[in-house]
Amino acid sequence: MNQVLIKQGEAVVENIPEPVVLKGTVLVRVDHSCISSGTEISGLRSSGVPLWKRAVQQPEKVKKVVRMIAAQGISRTRALLQVKVGTAEPTGYSAAGTVIEVGEEVTDFKPGDRVACAGAQFAHHAEIIRVPRNLVVPVPDGLNLAEASTVTLGAIAMQGVRRAQPTLGETFVVIGLGILGQLTVQFLKTSGCRVIGTDLDPGRIALARQLGLDDAIDPSGGSAIDMVHRLTDGVGADGVIITAAAKSSTILSEAFKMTRKKGRVVVVGDVGLQINRADIYEKELDFYISTSYGPGRYDRNYEEKGRDYPVGYVRWTENRNMGEYLKLLTEERVAVKPLISRVYRLDEAPEAYAYIQQNTKPMMVLLSYPKNAASVNPIYKVIIQPEVQPPKRKQVRIRVGLVGAGDFAKTMHLPNLKSLSDQFTLQAVMSQTGHNAAATARQFGAVYAATSLPVILEDPDIDAVLITTRHDTHGPMVLDALMAGKHVFVEKPLALTADELLFIKQFYQEHEEAGQSAPLLMTGFNRRFSKYGSRIKEIVHDRSNPMIINYRMNAGYLPLDHWTQTEEGGGRNRGECCHIYDLFTYLTGSRVIDTQVNHLKPATNYYSHTDNFVATFHFADGSVASVTYTSLGSKEYAKEQMDIYVDGKNIFLDDYRKLVVAGSRSKGLETKISDKGQREALERFAHAIQKGGTWPIPLWQQVQATNMALEVEGFLTGGMNSQWG
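Residues numbered from 1 in each chain as written. Predicted model: local features only at pLDDT ≥ 70, side-chain atom pairs only at ≥ 80, totals over all residues. Heavy atoms only, no water.

1. Considerations on the sheet that holds strand β19 (residues 424-430)
No. 1: The mixed open sheet is built from seven strands, whose spatial order is β17-β20-β19-β18-β21-β22-β23. Whereas interior strands pair on both sides, the edge strands pair on one side only; in this sheet they are β17 (381-383) and β23 (521-523). For this sheet the average axis-to-axis angle between neighbouring strands, irrespective of direction, equals 20 degrees.
No. 2: Its contacts with the sheet place helix α15 (residues 434-444) against β19 and β20 (448-450), and it is angled at close to 155 degrees to β20. (Pairing = 2+ DSSP bridges. Helix = DSSP H or I, 4+ residues; strand = E, 2+ residues; numbered from the N terminus. Axes fitted to C-alpha atoms, helices over the stretch in contact; angles between N-to-C directions. Contact = heavy atoms within 4.5 Å.)

2. Points about the state of the cysteines
Two cysteines form a disulfide when their sulfur atoms are joined by a covalent bond.
No. 1: Scanning the model with the defined rule gives zero disulfides in all.
No. 2: The closest cysteine sulfur to the non-disulfide-bonded C34 is located on C117, 13 Å from its own sulfur. (Disulfide = S-S within 2.5 Å.)

3. Considering the pairing of strand β6 (residues 114-118)
The two faces of the sheet receive side chains in turn, since in a regular strand these alternate between them.
No. 1: In terms of burial, β6 is a largely internal element, four of the five residues being buried.
No. 2: Sheet topology places strand β5 (residues 94-102) next to β6; five bridges connect them, and they run antiparallel. The residue bridging S94 from the neighbouring strand is A118, located in β6.
No. 3: Sheet analysis places β6 next to strand β8 (residues 136-138), joined by three bridges and oriented antiparallel. From the neighbouring strand, A116 faces β8, where its bridge partner is V137. (Buried < 20%, exposed > 50% of the residue type's maximum accessible area, 1.4 Å probe, protein only.)

4. Quick look at the environment of Q165
No. 1: With respect to the helices, strands and loops of the structure, Q165 is situated in the loop between α5 (151-164) and β9 (171-175).
No. 2: Judged by its relative accessible area of 55%, Q165 falls in the exposed class.
No. 3: It is 9.6 Å that separates the C-alpha atoms of Q165 and S191, two residues lying 26 residues apart in sequence.
No. 4: When near neighbours in sequence (up to four residues on either side) are disregarded, Q165 contacts E170 and R264.

5. Things to note about unusual backbone geometry
No. 1: Cis peptide bonds are those with omega within 30 degrees of zero, and the linkage from K492 to P493 qualifies with 0 degrees.
No. 2: If you trace the backbone, P493 turns up in the loop between β22 (487-490) and α18 (498-513).
No. 3: Even without glycine at this site, E105 takes up a positive phi of about 75 degrees.
No. 4: Along the chain, the position of E105 falls in the loop between β5 and β6.

6. Concerning the environment of A11
No. 1: Assignment of secondary structure puts A11 in strand β2 (residues 10-15).
No. 2: Judged by its relative accessible area of 9%, A11 falls in the buried class.
No. 3: Along the primary structure A11 and N276 are separated by 265 residues, whereas in three dimensions their C-alpha atoms are 40 Å apart.

7. Some details on the pattern of salt bridges
No. 1: For the structure on display, the rule yields 33 salt bridges.
No. 2: Salt-bridge contacts for E284 lead to K262; the nearest nitrogen and oxygen are separated by 2.3 Å. In this pair, E284 is assigned in the loop between α10 (277-280) and β14 (286-289) and K262 in strand β13 (residues 259-267), connecting sequence segments 22 residues apart.
No. 3: Given a relative accessible area of 47%, E284 falls into the partly exposed group.
No. 4: D675 serves as the salt-bridge partner of K531, at 3.4 Å between the closest nitrogen and oxygen. Here K531, found in helix α19 (residues 531-540), pairs with D675, found in the loop between β31 (669-670) and α21 (678-691); they are 144 residues apart in sequence, far enough to count as distant.
No. 5: Judged by its relative accessible area of 45%, K531 falls in the partly exposed class.
No. 6: One network of salt bridges, in which partners are shared, links E170, D238, R260 and R264. (Salt bridge = Lys/Arg side-chain N within 4 Å of Asp/Glu carboxyl O.)

Okay, here's the thing in structure tokens:
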């Protein structure tokens, strides 16, 4: 399918794989979409600003980059910048079309339904879009899809009016008569208000008059403040809604001054927000910010997880605002057709964006989509580099399919694969979003991009899959890939539940019992492969007694609604501390026989006990290892430190940048940047596939590290007792 992308200051149309419907989402074939002349053009222009200019404009980000170079090195930082700066980004947030398919838990839509969609993350300018249920509304009979595609802009303007709480007979001033201003005028008139409007463009004032504006103020004709007072018998406006865009705070100050005592001012547009206390204090004005389409915006639980707000407590959510706007259009109480300046075909999108940037100041510009675009079979795969397709012969290099193209994959694993080009070749990139899959495939030289896991698993030209998706998908994806005969490298964790882990164990048990070979499985427990992990193993390998190991993970604070803290991430114990459980298993080479866990009892809900705990493990060889995992500390301090006491020796690891050994002739180590073994892990994975022999991480050790995490989680969430033995 085709989609509009923004790249280096230009709008381009590219062919990308179609999205796959997911639980709680609706798949829509777009009929029309609406280009925002404000938000989208701003993004278009900023994408073309050279990196050095951005650095001058945003010095705080330069400091962040300097800190990253110090911690992670130039190569990793360069990779991250290339991902952020060089990637084409999707655009668009308002569209309408016809439902193709609905996901699980969506019961009120069916294929063929006409719908309007919103959301900057979802309602892109693309032939097919996947949108969460709460950002989709039905289009009433009698309303065409072109007008319905303006739904997001209508909801934004409507929310601004709702914030102002207009009543019959009140007088409101609308500053800025662009798209949002024109709609705001009409909503206020529908609410029974007298409306005064002002704009620098006489043409916009004339258009607003046609749509019901009562009085207009020409800024060149004198003081707008004085004019408002003359038009309101010296009282001032009951309220002012600002739908203009300007860096200056002058507009805000004038809005306060033209408002009556105890009036209200609502900001919908992007204006300066420096408030002069004298402007508002004596009149005791109410000042409101209107957040986009309404309640639910920027709330992942509402927008992405489908958790609606009860209508008895939140009358007008963003979804209900969207629906009400379409009803007003259908009833012809609000007119949007006069605001549509032009309609371009999707393949003319570059011309559409060029037209908007001209000095003609158009209102709305729509994109129309091919009516015969429906295909019998969805296209979840798009060839990116046909010239590098592998020949039909035995391969020396391992052909990899990447599943999940997030920042970590693009800044760590893919650069490492590229540096190991004698061992790996990238066959495919799969991501839930087609533009990300295509851009990543193009950047790292993959043969094709895909949005469907079966495409990867059914490809005979893929030898191994590298799974870097959200944690809750790891266990099922690992099992699917193994059953498809693919070798698997999965980022930690291996699994989030005991059942997921059991199914993986059963897979290998069944193959062993049947005397069949099975694909290699490797979890990304990379710390054991670092220079530091290897050196420590050498030192303790020939020990004569058990060890005491103390590990401190100064993890830093993460908000409790961060994805790693939700069911997607499984929490920081299962999602991150599993690294340390594997390191304990690696260093001891022994099985756990007992676990003890103590956790913090926070005084407030800012911190969680699930990422502030001490876990102690007793191993069969007599060793005792404990980890202190906490989010209470400062990120300015080292993140990871470990002390080992064994056979008269002290071994101290400082953040994988320095190793100190006392009581032994063995030498320590020191590196300029943190070395946690990610590249070495991939090397060992390749060697095991190509040469055979012992697995880089024995299956029992991967299972044990995962079981350790699951048991600690049981203590943290349910107060369980140890199940070892």
